[in-house]
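Remarks on the overall topology
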Amino acid sequence: QNFFFDNKNISSTYNAIYKRSFEKEGHTLELEADYNIVEGSDIGKFDISGGGGNFASYTDNTNNDITNTTINLDYTNPLTEISKLELGAEARLRNSNSVYRSTNANFNSTNFDYDNSIYSLYATFGQNFEKWSYQLGARLEQYEVEATNNNEGIFADDYITVYPTAFTNYKISDKQTLQLSFGRRVDRPSLGQVNPVRDFSSPRITVTGNPELDPQFTNSLELNYTHNYNKGNLNAGLFYRVINNEINQTLLLDPEDPNKLILTFDNGEDNAAYGMEISGSYKPFKWWSLNPSFELYTRNIKGVIGTQYVEVENTAYNFRLNQSFNVNKNLSLQLFGMYRSKAQMLQIEAQEMYFVNAGARYNILKNKGTLSLNFNDIFNTQRFQFVSEVPTRQRGTFKPDSQTVYLGFSYNFGGGKNQAFKRKNRDANEADEGGIF
């Protein structure tokens, strides 16, 4: 099967910020609003030469329209020299529509709407003392979602949840700190995970979303240690996490044809994970810096695949190394490598994966201009390989478009006097689609 894919997207984002600074330093009120519009169209042509039977060539057409509105109100007040209070409110509104048509008479046309709204309030209070500090917080959220397919309701949910956070930091010495933290977070399904429109298909497999996916919730307990040295630092941590309704990618037998598979998403059972993370930075010379990181974890994963209950215990690790070389005051080079070991997921065993990226930056025009060159997956090794026994014995390899070369130029026209407000880094709280694709 030859697959030809033509994708076009137009995205527009409008942002406005109002910030009021009061007489006391650090006492601020900030209002930020974002409005985002995405219009896209996908055309997929499936050319199946000589397949015979039901394997006729066909064309899929999909049109996507998405609007996102986000409004944030943040208030910060340093009550005393050691105490700080933060209050805030947020509204997130998303409306999405996907219209799907196919020349294959076996595939039904779809007009899918997925709308959700999130209204939240948060408060945090913290104090800093000579040797230690602490912060307590909570976020109250109301979440509503409604999904319709061809104007018929197929899924709806509405609930209120509290997400507490707490951490304390102890300064052992001028160079050593110890931190203990607890937090609860939510990862809601992304649009790609809930959209039932066929994302990809072949004579053997169809990829689609699950509109009835529930969010996954994670309770985390972490202990971290930091040691600063003259030429770098070391960070070491232990973590334990309990994940409720974990979102997993699953392979199912197609109920309409047992010779085919459906690749989709489903919620698993309550799972647990624990492990350790080590990262740091080291600068052996002025022109060379290294940033390594290592993670080792064990996960207990439970869920139902079709009608079969599955439980696996998995221990895996990954290693990353980022290096930077300053050739001179204008030229710098970067080298990044990653290795991920075998990992047992709910249904498949992912094989090891590794790749190396390289890059360079060169400042020109009195440091107002920058030339960037990036070469990703320079050895062409990045691929996802897996083996599975459920629902049938199989082995697969997926090779993404990972080997890419990017050349860019940027120029700074401003003098730095009129700089835009710094936007806060806000988490969208959406699950990573990951998995096979």
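The rules behind the values
- Residues numbered from 1 in each chain as written.
- Predicted model: local features only at pLDDT ≥ 70, side-chain atom pairs only at ≥ 80, totals over all residues.
- Heavy atoms only, no water.
- Helix = DSSP H or I, 4+ residues; strand = E, 2+ residues; numbered from the N terminus.
- Contact = heavy atoms within 4.5 Å.
- Areas by Shrake-Rupley, 256 points an atom, 1.4 Å probe, with all protein chains shown as cover.
- Lys, Arg positive; Asp, Glu negative; His and termini not counted.
- Charge placed at Lys NZ, Arg CZ, Asp CG, Glu CD.
- Core = buried A, V, L, I, M, F, W, Y, C linked by side-chain atoms within 4.5 Å.
- Buried < 20%, exposed > 50% of the residue type's maximum accessible area, 1.4 Å probe, protein only.
- Salt bridge = Lys/Arg side-chain N within 4 Å of Asp/Glu carboxyl O.
- Pairing = 2+ DSSP bridges.
- 1 Å grid on protein atoms, 1.4 Å probe; cavity = no way out; pocket = protein on both sides within 12 Å on 5 of 7 lines; lining within 4 Å.
- Points joined across faces, edges and corners; volume = space filled by probe spheres on them.
- Nonpolar A, V, L, I, M, F, W, Y, C, P; charged D, E, K, R; others polar.
- Phe/Tyr/Trp six-rings, centres within 6.5 Å; stacked < 30°, edge-to-face > 60°.
- Lys NZ or Arg CZ within 6 Å of the ring centre and 35° of its normal.

**So, the overall build of the protein**
- Per the secondary structure count, the protein includes 1 helix and 25 strands.
- Projecting the C-alpha coordinates of the protein onto the three principal axes gives extents of approximately 75 × 50 × 50 Å.
- For the protein, the share of sequence-separated contacts (at least 6 apart) that also reach a separation of at least 24 residues comes to 59%.
- Accessible area for the protein stands at about 25700 Å²; split by element, carbon and sulfur atoms hold 53% of it.
- Across the protein, the mean location of the 41 positive side-chain charges is 13 Å away from that of the 50 negative side-chain charges.

**Some words on the nonpolar core**
- Tyr 114 and Tyr 143 are the most contacted members of the largest nonpolar core, which totals 19 residues.
- Counting residues per element, the ones that place at least two in this core are β5 (110-128), β6 (132-149), β7 (152-171) and α1 (191-194).
- Those residues in contact with Tyr 143 that sit more than four places away from it in its chain are Tyr 114, Asn 116, Ser 117, Ile 118, Asp 157, Asp 158, Tyr 159, Arg 188 and Pro 215.
- Judged by nonpolar contacts, the second largest core, of 9 residues, contains Val 207, Leu 261, Phe 384 and Phe 386.

**As for the pattern of salt bridges**
- Across all of its chains, the model carries 10 salt bridges by this definition.
- Arg 139 is paired through a salt bridge with Glu 90; the nearest N and O atoms lie 2.6 Å apart. Residue Arg 139 is located in strand β6, and its partner Glu 90 is located in strand β4 (residues 83-102); the two are separated by 49 residues in the primary sequence.
- A salt bridge links Glu 141 to Arg 188; its shortest N-O distance comes to 2.3 Å. Here Glu 141 is found in strand β6, whereas its partner Arg 188 is found in the loop between β8 (176-187) and α1, with 47 residues between them in sequence.
- The class of Glu 141 is buried, set by a relative accessible area of 4%.
- Judged by relative accessible area, Arg 188 falls into the buried class, the value being 4%.
- If you follow the salt bridges from partner to partner, you end up with Glu 90, Arg 92, Arg 139, Glu 141 and Arg 188 in one network.

**Description of the sheet that holds strand β13 (residues 247-254)**
- Reading across from one edge, β9-β10-β14-β13 is the order of the 4 strands in this open sheet, with mixed pairing throughout. Bordering the open sheet on either side are β9 (200-201) and β13, each of which pairs with just one other strand.
- Bridge analysis of strand β10 (residues 205-207) against strand β14 (residues 257-267) gives 3 bridges, and the strand direction is parallel. Counted as the bridge partner of Val 207 is Leu 263 from β14.

**Focus on unusual backbone geometry**
- Look at the link from Val 390 to Pro 391: it is a cis peptide, with omega at 5 degrees.
- Counting through the fold element by element, Pro 391 comes out in the loop between β23 (384-388) and β24 (394-398).
- Despite not being glycine, Leu 365 has its phi angle at roughly 55 degrees, a positive value.
- Topologically, Leu 365 is positioned in the loop between β21 (353-364) and β22 (369-376).
- On the basis of relative accessibility, which here comes to 51%, the residue Leu 365 falls in the exposed class.
- The phi angle at Asn 367 is positive, at roughly 65 degrees, despite the residue not being glycine.
- For Asn 367, the position within the fold is in the loop between β21 and β22.

**Considerations on the sheet that holds strand β19 (residues 343-344)**
- Strand order across the open sheet formed by 4 strands is β19-β20-β23-β24, with antiparallel pairing between neighbours. Whereas interior strands pair on both sides, the edge strands pair on one side only; in this sheet they are β19 and β24.

**Re the environment of Lys 8**
- One can find Lys 8 in strand β1 (residues 2-21).
- Those residues within four positions of Lys 8 in sequence are excluded, and the remaining contacts are Glu 39, Gly 40 and Ser 41.

**Details of the layout of surface pockets**
- The calculated volume of the second largest pocket comes to roughly 960 Å³.
- Taken together, 36 residues line the second largest pocket, and the ones lying closest to its centre are Phe 107, Arg 198, Thr 206, Asp 254 and Glu 256.
- For the lining of the second largest pocket, the elements supplying multiple residues, two or more each, are β13 and β14.
- Sort the elements by how many residues they give to the lining of the second largest pocket and β14 lands first, with 6 residues.
- Within the lining of the second largest pocket, the residues separate by chemical class into 15 nonpolar, 15 polar and 6 charged.

**Considering the packing of aromatic side chains**
- Counted by the stated rule, this structure contains 18 aromatic pairs.
- The interplanar angle of 35 degrees and the centroid separation of 6.4 Å between the aromatic rings of Phe 384 and Phe 386 together place this pair among those described as tilted.
- Look at Phe 384 and you get buried, because its relative accessible area is 9%.
- For Phe 386, a relative accessible area of 4% gives the class buried.
- Members of the aromatic cluster, connected to one another through ring pairs, are Tyr 143, Tyr 159, Tyr 163 and Phe 217.
- Just above the ring of Phe 239 sits the side chain of Arg 241; from NZ or CZ to the centre is 4.0 Å.

**Topic: the side chain of Thr 250**
- Its location among the elements puts Thr 250 in strand β13.
- You can call Thr 250 buried: its relative accessible area is 3%.
- When residues no more than four places from it in sequence are discounted, the contact partners of Thr 250 are Ile 262, Leu 263, Thr 264, Phe 265, Asp 266, Ile 305 and Gln 347.

**Thoughts on the environment of Gly 396**
- Here Gly 396 lies in strand β24.
- Counting along the chain gives 12 residues from Gly 396 to Phe 384, while the straight-line C-alpha distance between them is 8.1 Å.
- Dropping the residues within four chain positions of it, Gly 396 is found in contact with Phe 384, Gln 385 and Phe 386.

**Observations concerning the side chain of Arg 94**
- Among the structural elements, Arg 94 can be located in strand β4.
- The contact partners of Arg 94, leaving out residues within four places of it in the chain, are Ile 66, Thr 67, Asn 68, Tyr 114, Asp 115, Asn 116, Pro 189, Leu 191 and Glu 430.

Any link to function would need more than the numbers given here.
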